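# Structural characterization, general
These are the residues of each chain, in order.
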Amino acid sequence: MTIENISVNNVFGGRHKQYSHYSSTLNCQMRFAIYLPPQVEEGKRVPVLYWLSGLTCTDENFMQKAGAFRVAAELGIAIVAPDTSPRGEDVANDEGYDLGQGAGFYVNATQAPWKQHYQMYDYVVKELPELIESTFEVTNQRAISGHSMGGHGALTIALKNPLRYSSVSAFSPIANPMNCAWGQKAFTAYFGEDTNLWKENDASELMAQATQFVPALVDQGEADDFLKDQLKPETLVTAAAGNDYPLELRRHEGYDHSYYFISTFIGSHLKFHAEHFA
């Protein structure tokens, strides 16, 4: 697979790089970013944390705002941030910010016109890691994390693939999309009325039924404007408690939905993943 390097920036002894490539899974040109810590320059192979961003974001939001590179450099962890959806003039879209381009929800759509391009689950789980592991000096150790829509994606992907990821974490995830407006709009478009597919892409439903466990860390701000109506972290707590699932959910007074929140706690998430890599 041919990839094109778009940019390179040195940061904390490592390198942040952006790449473009054609995705056969999504049938369009895609962009991703990767941070390679200084250990790679020393000839070492390092594990990878895949970061999934939220609604309206691209690969750039986390890399520019999260402040993750200092700790990633210290721990020797590569970070990969894909875009949040397929993009292009021939890619289906919606006038709303919460569906279509910028809002792929990390699922495989089954309904027209979305299914031609919106196969983000397969892209994140299969195509992108194959590309990363064949191109860069990384191991096949993987962790996954994300924010909001990306937190939903990280949790569901880890829960459905417990042998592929050593740990999962999320900031302010959409924990029960079947029962919130964001999720209902997206799932209706991408899956139609097949509620079995809805359940198969809902973190709370998956956690309640899991038989193999991936250690999970979730941070939620109490001043988050979307907390009550869209995020519903209490459903995760209930699911974990009913299944003895190893979930740690931390709630933080005064923190909102922004990257100010993420940048405050991203270091502890990286350390959490490093412990499970070890």
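Each value, and the rule that gives it
Residues numbered from 1 in each chain as written. Predicted model: local features only at pLDDT ≥ 70, side-chain atom pairs only at ≥ 80, totals over all residues. Heavy atoms only, no water. Helix = DSSP H or I, 4+ residues; strand = E, 2+ residues; numbered from the N terminus. Rg over C-alpha atoms; globule rule 2.2 N^0.38 Å. Buried < 20%, exposed > 50% of the residue type's maximum accessible area, 1.4 Å probe, protein only. Areas by Shrake-Rupley, 256 points an atom, 1.4 Å probe, with all protein chains shown as cover. Lys, Arg positive; Asp, Glu negative; His and termini not counted. Charge placed at Lys NZ, Arg CZ, Asp CG, Glu CD. Pairing = 2+ DSSP bridges. Axes fitted to C-alpha atoms, helices over the stretch in contact; angles between N-to-C directions. Contact = heavy atoms within 4.5 Å.

## Re the overall build of the protein
- When its secondary structure is counted, the protein shows eleven helices and nine strands.
- A compact globule built from 278 residues would reach a C-alpha radius of gyration of about 19 Å, and the protein, at 17 Å, matches this within 12%.
- With respect to the principal axes defined by its C-alpha atoms, the protein has extents near 50 × 45 × 35 Å.
- Counting the 278 residues in the protein, one finds 60% classified as buried.
- Just so you have it, the protein exposes about 11,300 Å², and 45% of that area is on carbon and sulfur atoms.
- Across the protein, 20 positive and 33 negative side-chain charges occur, with their mean positions spaced 4 Å apart.

## Comments concerning the sheet that holds strand β6 (residues 138–147)
- Strand order in the open sheet formed by nine strands is β1-β2-β3-β5-β4-β6-β7-β8-β9, with mixed pairing between adjacent strands. Either end of the sheet is taken by a strand with one partner, and the two such strands are β1 (3–11) and β9 (247–252). Ignoring strand direction, the axes of neighbouring strands in this sheet form an average angle of 20°.
- Here four bridges tie β6 to strand β7 (residues 168–171), and the two strands are oriented parallel to one another. By the bridge assignment for β7, Ile144 is matched with Val168.
- Each of β4 (46–52), β6, β7 and β8 (216–221) touches helix α5 (residues 149–160); the most contacted strand, β6, lies at about 135° to it.
- The strands that helix α10 (residues 233–243) touches are β8 and β9; relative to β9, the one it contacts most, it runs at about 150°.

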